[in-house]
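Remarks on the overall topology
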Amino acid sequence: MFSQPIVRKASLTSMDLSDLKPNDKAVIQSISTDAPGVERLMMMGLVEGTEIVFVRASLGGDPLEFQVYGTALSLRKEQAQQFKIEPIPING
Amino acid sequence: MASSSEVYVSAENLTVIRRAERVIAVVGNPNTGKSTVFNRLTGMRQKVANYPGVTVEKRVGRATIGDSAFDLIDLPGIYGLSPYSTDERIAVDVLLGRILGTPELEGILAVVDATRLYQGLYLVQQLSEMGYPMIIALTMTDMAHLEGMRIDIEGLSKRLGGIPIFPVVATRGSGFSELKNAISGMFEAVPSESEPPVFWPDLRHAAEELRKRIGESAAAFQVVELERAIIDGDPEIVESLRVEAGDSSLDYLLAVRRDLCGDTPPLAAEARYRYTWIRERLSDLQRQISPLPRLGRAAINWFNQPWPSALSFIFSMGVVFQAVFAWAAPLMGMIDGATSSLGNWIGGVLPPGILSSFLVDGIVAGVGSVVIFLPQILILFLFIILMEDTGYLARAAFLMDRAMRSFGLSGQSVVPLLSSFACAVPAIMATRVIPNRRDRIATILAAPFMTCSARLPVYALLIAAFVPSTSFGPLNLQGLVLFGLYLLGIAGGVGTALLLKRSVLRGSNPIFMLALPEFRFPDLRSVILKLFDRARIFLRRAGTIIFAVAVVVWALAYFPRSASIEDGRIAARGEAALSLSGQALQVELDRVDNEAAAEHLAQSLLGRAGQAIEPVFVPLGWDWRVSAAVIAGFPAREVVVAVLGTIYAVGGQADEVSLAERLQSVTWPDGRPIYSLPMVLGLLVFYAWCLQCAATLAVIGRETNSWRWPVIAWTYMTILGYVGALTIYQIGTA
Ligand SMILES: Nc1nc2c(ncn2[C@@H]2O[C@H](COP(=O)(O)OP(=O)(O)O)[C@@H](O)[C@H]2O)c(=O)[nH]1
């Protein structure tokens, strides 16, 4: 039967969601599941392997707007930092 | 789980089947069009009540399809079965059949937004595992089409183990005849044929393992309850497990959970599993072609940039205020006019006396003081609902989150707080959009500080009468004082929020997560329904209390009635009629009446209360008359102007100029003016900070669902106002 997905090791770059530039795409690589509020975000689809687009930052650089599975989500910076990512090259 | 509710009545060879209506829950993520589907299926036949003990609304409606009827419950939006707010908890509790007075569910109508398919299917997986008969209404198919999204619906239904899926456009009603047919046929399938699919078998096995280890006493628990206990550690289920099956059952629970999830938090494990399942099994059913060109999209995208967004926010709040003042003021004037002409008419028909006074000053004035709020509430709510339904409210929260965080609040507080500059009542009702309870209460307690429109008559009277209109260059002192009062209100509110968030409501908001809905044109029908709802809630819950308080204040001002004052008045009127005529007679009669009214008030319970409490207010420079007027203004601060008119014998409906002149001339026994500048400034500060509004108190009570918060708010704000007035008067007269 289908088993737990394999969680890949965090990549060497160790970028997180707050390091992206507007319109950058990335794939979530690893998550600090113990940080507060993270489980809630995972429930909305922010799990390993999910593709996510950084849309823009609000006034003053925080919170941040992302696009995940068709939903625009607003995350505060400290939450975004709990998600390590692998950027997807623009043309790829 | 679904129990049959059919009653067979057999009469000879004829069998009449009479069934109680089947109960179907409408469940989905927030903002998927759930309420629109619900409204369309039930029409206007809805009942709105509250779930016991909370302010979450319970919306039940009857859908008649062919010749069968179904009872639909519109549940608050959820992302999954692990609740994070009161609304979400209620939805989950109803699904688990744990709410008293809510009928047991028999089926589920899942509402899934086609543009946000994955999040919808996450919930669908969990709902399916609960075992109810279920169908899916796939909404927003028009939007998905525009976005270039193509979904293989048949394929999707097959991979979901045969759950039927019906594409609809809820706003236009297309696809609803198929949906209705499916609902009416929902319970006809043979149970064994429609065994609902299980998507995470490992969890099911874990729950069954747990049940086996616990043994007999586990029979009391549904398998989904055990599953939720394993994933969320739901305190209610865990506690009843402990009671029913002993402490050892908790050890089993932990062991089973460890086997399933290892060291990962169970909810994270669940999200990983289910989303990976969706991504890997269903991604080929969703095709993305290039979206249709749409003029609006680029414009909306541009407007969502921070600066355009900030400018449009300022602009739209400006429009809201303009509308509240420009549209509500004339309506309020009309209501005011109507109440006083009704009062005058009754006063003319009935002989003067207790009945007339009770009807005019008690009942009519009391009803008037409730209805007068409606224009503002309706107009403000019209805008708030429009902002909510277009998705703008979430955008405003996103925009202002950073700024509001410096006050210990979050972006979601910004619209309620701004609304309270018009009226705190709808503002407090609008705090329901704030999911975090601590943030919500801090916002509710900050809102009444903002300078609402009811404070303006009091400010206007006192400033015009007592603040000299000297100018400093382009600045006018009267304008400066008014501006200062606005700032005082803001400072009071912000300070209160900060204080609360640093003390009793401490704790950051770890799950500030905001879904930012796409811009949508609002659906007129649901806007109107929601508007009616707000008005009804206000009239029923707050209205009764405001009315009762108004009647009590009338009684305090009326009783005890002194016969000698009345005899004196009649004698004086008779004398005047003998010696005067025409215009002069009318003036004299009014003077006599006003004098008598002032004397009556002086010896009424209210007047006596003012005299009794005078020592408390003397340090603020207030005599008993001011004190009595402030007490009478408790239900509604703007009443204080009319009471001052009566007390100083210029008549309750005197214009502000003659009242102001009269106020300037009243003195203490030693000849000092009572209304000195320090006293007036203090009185203004008192009105900036105190909570003289029964409507606000009633609404705080309703929205926090406790009498404690209104008592705390009133006491706190009254003390603050008192200390403010005291400080200013003492410094000013030192
Ligand atoms: N284009 C489109 N808009 C819809 C559809 N269903 C609902 N809406 C709109 O989506 C918004 C949210 O709908 P509502 O029923 O309040 O969602 P709820 O939060 O799930 O109850 C409203 O502005 C609706 O008018 C649909 O099928 N297509």
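Here's a quick rundown of the structure.

What follows covers the interface of chain B and chain A. Counting residues at the interface gives 47 residues for chain B, matched by 41 residues for chain A. Across the chain B/chain A interface, buried area totals approximately 4,100 Å², and carbon plus sulfur atoms make up 57% of it. Looking only at chain B, the three residues that lose the most surface to chain A are Arg-272, Phe-398 and Met-513 of chain B, adding up to 17% of its buried area. Between the two partners, chain B and chain A, sit six salt bridges. A salt bridge links Asp-62 of chain A to Arg-405 of chain B, with the nearest nitrogen and oxygen atoms 2.8 Å apart.

Residue and element names in this part refer to chain B. Between its terminal C-alpha atoms helix 15 (residues 374–390) stretches 24 Å, which fits the 24 Å expected from 17 residues at 1.5 Å a residue. Taking burial as the measure, the 17 residues of helix 15 include 13 buried ones, the bulk of the element. Just downstream of helix 15, Gly-391 is the residue with a positive phi angle, here 90°.

In this section: the sheet that holds strand 3 (residues 51–57) of chain A. Sheet architecture is open: seven strands sit in the order 1(A)-6(A)-2(A)-3(A)-4(A)-5(A)-14(B), paired in antiparallel fashion. With partners counted over all chains shown, the strands left at the sheet margins are strand 1 (15–16) of chain A together with strand 14 (513–516) of chain B, one partner each. Bridge count for strand 2 (residues 25–31) of chain A against strand 6 (residues 83–88) of chain A is six bridges, and the pairing is antiparallel. From the neighbouring strand, Ile-28 of chain A faces strand 6 of chain A, where its bridge partner is Ile-85 of chain A.

With that settled, consider the site of the ligand. All names here are of chain B. Neighbouring residues of the ligand: 17 residues in total, closest Asn-31, Ser-35, Thr-36, Asp-142 and Ala-170. Separating an oxygen atom of the ligand from a backbone N or O atom of Gly-33 is a distance of 3.1 Å. One of the backbone N or O atoms of Asp-389 is found 3.2 Å from an oxygen atom in the ligand. If the ligand stood free it would expose 580 Å²; the protein chains cover 92% of that surface. Counting residues per element, the ones that place at least two in the shell around the ligand are helix 1 (34–42) and helix 4 (141–146).

Residue and element names in this part refer to chain B. For strand 3 (residues 22–28), the buried fraction is high: seven of the seven residues fall into the buried class. Taken together, the five bridges between strand 3 and strand 6 (residues 68–74) define a ladder with parallel strand orientation. Each residue of the ladder has a partner; that of Val-23, found in strand 6, is Asp-71. Judged from the five bridges that link them, strand 3 and strand 7 (residues 107–113) form a sheet pairing that is parallel. Following the sheet pairing, Ile-24 is matched in strand 7 by Gly-107.

With respect to the element layout, Tyr-79 of chain B can be found in the loop between strand 6 and helix 2 (86–95). Placed 50 residues apart in sequence, Tyr-79 of chain B and Asn-29 of chain B show a C-alpha to C-alpha distance of 5.1 Å.

About the cut-offs
Residues numbered from 1 in each chain as written. Chains lettered and ligands numbered in written order. Predicted model: local features only at pLDDT ≥ 70, side-chain atom pairs only at ≥ 80, totals over all residues. Heavy atoms only, no water. Contact = heavy atoms within 4.5 Å. Buried area = accessible area lost by both parts, 1.4 Å probe. Salt bridge = Lys/Arg side-chain N within 4 Å of Asp/Glu carboxyl O. Helix = DSSP H or I, 4+ residues; strand = E, 2+ residues; numbered from the N terminus. Expected span 1.5 Å × (residues − 1). Buried < 20%, exposed > 50% of the residue type's maximum accessible area, 1.4 Å probe, protein only. Pairing = 2+ DSSP bridges. Near = heavy atom within 4 Å. Polar contact = N/O pair within 3.5 Å; in protein donor to acceptor, adjacent residues only side chain to side chain. Areas by Shrake-Rupley, 256 points an atom, 1.4 Å probe, with all protein chains shown as cover.

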